Amino acid sequence: MRFNLKEVLQVMPSDSFFFSIVRDPAALARSAFSYYKSTSSAFRKAPSLAAFLANPRAFYRPGARGDHYARNLLWFDFGLPFPPEMKTKRGNPHPPRDPKSPQLNVLPSGAGLRAHYTLDPSALLHPAPTVAGGHSQTSSHASLDLGSSSFIQWSLAWLDSVFDLVLVAEYFDESLVLLADALCWGLDDVVGFMHNAQAGGEQGRSAVSSGGLTAEDRQLTARARAWNHLDWALYVHFNHSLWARINQYGQSRLESAVAELRARREALAKHCLVGGEALDPKYITDRRFRPFQFGSGKVLGYVLRSGLSLPDQEECERLATPELQYKDKLDAKQFPSTVSLPLKTSRLLSP
């Protein structure tokens, strides 16, 4: 979903633990171009991602159908409003006033101010509230320069007031350890298999490092981050806050926990899965485990080993079930009288 705090709080108590995840905009752009090629008019018109990023305004029109996938998708998914100049139908003829958003100051995550901030993030387009004496106050218009670092900083501060923890995809295992710690869980509660990975896709930290990349790849990465400058600001901010939490947790303690988490995942993969790893969807005949195929890349999935005991079979099934089928299981459990069989997504999952 696109995050909307006001709507979420209609069904969740105010003391809920809010967490989310961000991804390097360069890696996200590569994935989105492949996955949403047929959905975004901007991507559909571009012959390649490199061609799109070389001159994005030749293809991108704000407000065009599906084009929210083509720019600042993280910002969009967090429910944040866009500066007025980025909403015009003909595009923004001027570059962002503050293109070096990575230099933003780091704000503390999980500041616990959720109750003090407005529940409507569109209020970011109005004077920014400040907290004084435990009550919301409104600062002057001069304090918020829309489209500048002031607007971005306020947006990040609002997210900090709402989210208790924001994970980073490129440091996923480290993030999971911190999530388990924040929720007083054990590592077994966060061990799992990777889902939605595309065949031949980038893994882990390669997206945030220039090491081993060609000059063309480095140029594409730089252009993707510049084009998605609001997303880059989000990513840098929460990458900094993640590492601040890691320092609080303890670097050596974290390394030990990450090693243990990976060992448990590897052991489960060998025990549960044919080949001990993700497979091409052509080998997955059981619809319960076949991931939804969309876009130009193949989405990998899993095949369970035969001969598992009943308890192991149940655990391995949970770990190997793709998100749509897992959502159907949760729907059937939470709303047994309203979900009919066969499950709704089974029609989408046919080969």
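What counts, and at which threshold
Residues numbered from 1 in each chain as written. Predicted model: local features only at pLDDT ≥ 70, side-chain atom pairs only at ≥ 80, totals over all residues. Heavy atoms only, no water. UniProt positions renumbered as here; feature names shortened; annotations may be inferred. Helix = DSSP H or I, 4+ residues; strand = E, 2+ residues; numbered from the N terminus. Buried < 20%, exposed > 50% of the residue type's maximum accessible area, 1.4 Å probe, protein only. Areas by Shrake-Rupley, 256 points an atom, 1.4 Å probe, with all protein chains shown as cover. Disulfide = S-S within 2.5 Å. Salt bridge = Lys/Arg side-chain N within 4 Å of Asp/Glu carboxyl O. Pairing = 2+ DSSP bridges. Expected span 1.5 Å × (residues − 1). Arc of directions from axis to C-beta. Contact = heavy atoms within 4.5 Å.

Under the annotation held in an unreviewed UniProt entry, the protein carries the name Galactose-3-o-sulfotransferase 4 and is attributed to Lynx pardinus. Under the heading Subcellular location (unreviewed entry), UniProt records this for the protein: "Golgi apparatus membrane". UniProt annotates the protein under Sequence similarities (unreviewed entry) with the comment "Belongs to the galactose-3-O-sulfotransferase family."

Chemist: I'd love a proper account of the overall build of the protein, names of residues and values included.
Modeler: Along the protein, the regular secondary structure elements total 12 helices and four strands. Here the protein holds 351 residues, and the buried ones make up 42% of them. As presented, the protein carries roughly 18600 Å² of accessible surface, and 54% of it is formed by carbon and sulfur atoms.

Chemist: So, the state of the cysteines: which residues are in play, and what are the values?
Modeler: Between two cysteines, a covalent bond joining their sulfur atoms is known as a disulfide. Tallied over the full model, the rule gives one disulfide. Cys 272 shares a disulfide with Cys 316; S-S distance 2.0 Å. Judged by the sign of its S-S torsion, about -65°, the cystine formed by Cys 272 and Cys 316 is left-handed. Placement of Cys 272 in helix α10 (residues 251-272) and of Cys 316 in helix α11 (residues 310-320) is noted, with a sequence separation of 44 residues between them. Here the two residues Cys 272 and Cys 316 agree in accessibility, since each one is buried.

Chemist: How would you explain the pattern of salt bridges if you had to name every residue and give the values?
Modeler: Any two side chains of opposite charge can pair, on the condition that their charged atoms come close. Enumeration over the complete set of coordinates arrives at 12 salt bridges. The partner of Glu 317 in a salt bridge is Arg 288, with the nearest N and O atoms 3.3 Å apart. Residue Glu 317 is located in helix α11, and its partner Arg 288 is located in the loop between α10 and α11; the two are separated by 29 residues in the primary sequence. Take Arg 288: its relative accessible area is 42%, and that puts it in the partly exposed class. When salt bridges with common partners are traced through the structure, they connect Asp 173, Arg 262 and Arg 265 into a single cluster.

Chemist: Got a sec to walk through the pairing of strand β4 (residues 165-168)? Specific residues and values, please.
Modeler: Alternating residues of β4 divide into Leu 165 and Leu 167 and Val 166 and Val 168, and every residue in both groups is buried. With four bridges joining them, strand β1 (residues 19-22) and β4 adopt parallel strand pairing. Looking at β4, one finds that Val 22 is bridged to Val 168.

Chemist: Would you mind going over α10 in detail, with residue names and values included?
Modeler: Between its terminal C-alpha atoms α10 stretches 31 Å, which fits the 32 Å expected from 22 residues at 1.5 Å a residue. Turning to α10, its buried residues are Leu 254, Ala 257, Val 258, Leu 261, Arg 265, Leu 268, Ala 269 and Cys 272. Projected onto a plane normal to the axis of α10, the buried residues spread over an arc of 110° and lie on a single side. Opposite the packed face of α10, turned more than 90 degrees from it, sit the exposed residues Ser 252 and Lys 270. On the buried face of α10, the contacting elements are α7 (172-182), α9 (229-249) and α11.

Chemist: Got a sec to walk through α9? Specific residues and values, please.
Modeler: Its 21 residues place the ends of α9 30 Å apart at the C-alpha level, agreeing with the 30 Å of an ideal helix rising 1.5 Å per residue. The buried count for α9 comes to 15 of 21 residues, which makes it a mostly enclosed element. Of the residues flanking the end of α9, it is Gly 250, one or two places downstream, whose phi is positive at about 110°.

Chemist: Report on the environment of Val 166, specifying residues and quantitative values.
Modeler: Among the secondary structure elements, Val 166 is positioned in strand β4. Taking the C-alpha atoms as reference points, Val 166 and Leu 179, separated by 13 residues in sequence, lie 9.0 Å from one another. Leaving out residues up to four positions away in the same chain, Val 166 has contacts with Ser 20, Ile 21, Val 22, Phe 238 and Leu 242.

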